[in-house]
Amino acid sequence: MFKSLEKFSGQHAVITGGSSGIGKAVAKSLAQQGANISIIARDGAKLEAAKQEISASMIDAQQKILTISADVTQAKTLELAIQKAIAELGRPQILITSAGIAIPGYFAELSLEIFEKTMAVNYFGSLYAIKAVLPEMLAAGRGQIVLISSGAGLIGLYGYSAYSPSKFALRGLAESLRGELKTKGIKVSIVYPPDTDTPQLVQENKTKPLETKKITASAETWTAEGVAQAIVRGIEQKIFAIAPGWEMNILHRWHSLLTPLLNWYFDRLVSQVGQKNSKLS
Ligand SMILES: NC(=O)c1ccc[n+]([C@@H]2O[C@H](COP(=O)([O-])OP(=O)(O)OC[C@H]3O[C@@H](n4cnc5c(N)ncnc54)[C@H](OP(=O)(O)O)[C@@H]3O)[C@@H](O)[C@H]2O)c1
């Protein structure tokens, strides 16, 4: 039987949000390097379709792809889902928390429910997943936890008052956990993807204020595969802050210094939209 010598051969990666976009692209990339994969999301049909795609990337007939339908905002449900993944594919070496939502809009018009739901999925959904895999990683004395934040987790952006804080919270969690878990042999990474062409971005664009569109238009939009490559490289090299591309790299390293300059530039863009609107009315 062909035995793969690939980097992730025989490893088990649990990926929340692995049925779509960045999570699915990372799953395919890890499958290409020999990993067994458990993907967790809510929609069963999307999970099944993703399984077909991820399976096509496998390099060894012995690899396994498992799908589990669960809502990451339900701590107990998610714990049971991860226990099922462990029972079927063994102790996970890698956890990637990619399940996320983004609902942009004007603060005054966003309902409280949107703020609470965004925090529940993006922040607590990631935290619950870590809680569920951690005992296994601690027992093994090794593991890698990869949290997916955003460029909006480095700088608060116009129109992202629900989303940005949830991604800032993940940064705080990753930075707090890094040192604590390092001593137990567990590596933590945090990813700051740029705008990426996924179903989430399509959905976001439906409610994005014009001002937000103007601000984000200046940045390059990546493919999910490009972001996944950067993430997998970051996992291999055990990098703490994975910032794909030069724009995210600069933002990640220099955001505190750059914020006044960026705010000045963004305010100009916002006022241009205001002037255009007042001419039209
Ligand atoms: N796309 C971008 O431009 C961009 C930029 C920066 C950061 N990010 C971050 O990258 C991550 C992945 O985003 P994406 O663009 O790949 O989005 P996507 O294509 O919409 O995928 C989101 C995934 O999360 C799952 N999900 C959503 N809510 C869930 C819940 N309550 N419980 C379980 N699973 C849930 C979805 O499946 P179900 O709906 O079936 O549950 C899907 O598998 C997110 O955290 C996002 O914030 C994205």
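Just above sits the structure.
The structure reproduced in this document is the subject of the present report.

Some remarks on the overall build of the chain
Step number 1: A tally of helices and strands in the chain yields nine helices and nine strands.
Step number 2: Against the 2.2 N^0.38 benchmark of 19 Å for 281 residues, the chain shows a C-alpha radius of gyration of 19 Å, consistent with a compact globule.
Step number 3: With the C-alpha coordinates aligned to their principal axes, the bounding extent of the chain is approximately 70 × 40 × 35 Å.
Step number 4: Residues counted as buried form 51% of the 281 residues belonging to the chain.
Step number 5: Across the chain, the fraction of contacts at a sequence separation of at least 24, relative to all contacts at a separation of at least 6, is 74%.
Step number 6: Carbon and sulfur atoms provide 55% of the accessible area of the chain, an area that totals close to 13500 Å².
Step number 7: The average position of the 30 basic charges and that of the 23 acidic charges among the side chains of the chain differ by 4 Å.

Looking at the sheet that holds strand S2 (residues 36-41)
Step number 1: With parallel pairing, the seven strands of this open sheet are ordered in space as S3-S2-S1-S4-S5-S6-S9. Pairing within the sheet leaves two strands with one partner each, and these edge strands are strand S3 (65-69) and strand S9 (241-242).
Step number 2: By the bridge criterion, two bridges tie strand S6 (residues 186-191) to S9 in an arrangement that is parallel. Counted as the bridge partner of Ile 190 is Ala 241 from S9.

Describing the packing of aromatic side chains
Step number 1: For the structure on display, the rule yields six aromatic pairs.
Step number 2: Ring plane angle 70° and centroid distance 5.3 Å describe the contact between Phe 107 and Phe 115, whose orientation is recorded as edge-to-face.
Step number 3: Summarising the aromatic geometry, the rings of Phe 124 and Tyr 128 are spaced 5.9 Å apart at their centres and angled 35° between planes, so their arrangement reads as tilted. Highlighted residues: Phe 124 and Tyr 128, both in helix H4 (residues 112-140), separated by four residues, approximately one helical turn.
Step number 4: Following the ring pairs from residue to residue traces out a cluster consisting of Tyr 123, Phe 124 and Tyr 128.

Some points on the site of the ligand
Step number 1: Near the ligand, the surroundings consist of 29 residues, among which Ser 19, Ser 20, Tyr 163, Thr 196 and Thr 198 are the closest.
Step number 2: For the ligand, an oxygen atom lies 2.7 Å from a polar atom in the side chain of Arg 42.
Step number 3: A distance of 2.9 Å is found between an oxygen atom of the ligand and a backbone nitrogen or oxygen belonging to Asp 43.
Step number 4: Contributions of two or more residues to the shell around the ligand are made by helix H1 (21-31), helix H5 (163-182) and helix H6 (199-207).
Step number 5: Here the shell around the ligand gets three residues from one element, more than from any other, and that element is H6.
Step number 6: By residue class, the composition of the shell around the ligand is 12 nonpolar, 11 polar and six charged.

A short note on the pairing of S2
Step number 1: Within S2, six of the six residues are buried, leaving the element largely enclosed by the surrounding structure.
Step number 2: As judged from the five bridges shared by S2 and S3, these two strands associate in the parallel manner. Along S3, the bridge assignment pairs Ala 41 with Ser 69.
Step number 3: Read from S2 through helix H2 (residues 44-55) to S3, the crossover connection turns out right-handed.

Things to note about helix H8 (residues 224-236)
Step number 1: End to end, H8 covers 18 Å across 13 residues, agreeing with the expected 18 Å (1.5 Å per residue, within 8%).
Step number 2: Listed in full, the buried residues belonging to H8 are Ala 224, Gly 226, Val 227, Ala 228, Ala 230, Ile 231, Val 232, Gly 234 and Ile 235.
Step number 3: Downstream of H8 by a residue or two, Lys 238 has a phi angle that is positive, lying close to 50°.

Quick notes on the nonpolar core
Step number 1: Counting residues in hydrophobic clusters, the biggest one holds 49 residues, and the most contacted among them are Ile 40, Ile 82, Leu 95, Ile 145 and Leu 147.
Step number 2: Breaking this core down by element, the ones donating at least two residues are S3, helix H3 (75-89), H4, strand S5 (143-148), H5, S6 and helix H9 (245-280).
Step number 3: Element by element, the count of residues in this core is highest for H4, at eight residues.
Step number 4: Setting aside its immediate chain neighbours within four residues, Ile 40 contacts Val 14, Ile 15, Thr 16, Gly 17, Gly 18, Leu 47, Ile 68, Ala 70, Leu 78, Ala 81 and Ile 82.
Step number 5: Listed in part, the 30 residues of the second largest apolar core include Val 146, Trp 222, Ala 224 and Val 232.

Reading the values: rules and limits
- Residues numbered from 1 in each chain as written.
- Predicted model: local features only at pLDDT ≥ 70, side-chain atom pairs only at ≥ 80, totals over all residues.
- Heavy atoms only, no water.
- Helix = DSSP H or I, 4+ residues; strand = E, 2+ residues; numbered from the N terminus.
- Rg over C-alpha atoms; globule rule 2.2 N^0.38 Å.
- Buried < 20%, exposed > 50% of the residue type's maximum accessible area, 1.4 Å probe, protein only.
- Contact = heavy atoms within 4.5 Å.
- Areas by Shrake-Rupley, 256 points an atom, 1.4 Å probe, with all protein chains shown as cover.
- Lys, Arg positive; Asp, Glu negative; His and termini not counted.
- Charge placed at Lys NZ, Arg CZ, Asp CG, Glu CD.
- Pairing = 2+ DSSP bridges.
- Phe/Tyr/Trp six-rings, centres within 6.5 Å; stacked < 30°, edge-to-face > 60°.
- Near = heavy atom within 4 Å.
- Polar contact = N/O pair within 3.5 Å; in protein donor to acceptor, adjacent residues only side chain to side chain.
- Nonpolar A, V, L, I, M, F, W, Y, C, P; charged D, E, K, R; others polar.
- Right-handed = clockwise from strand over helix to strand, strands pointing away.
- Expected span 1.5 Å × (residues − 1).
- Core = buried A, V, L, I, M, F, W, Y, C linked by side-chain atoms within 4.5 Å.

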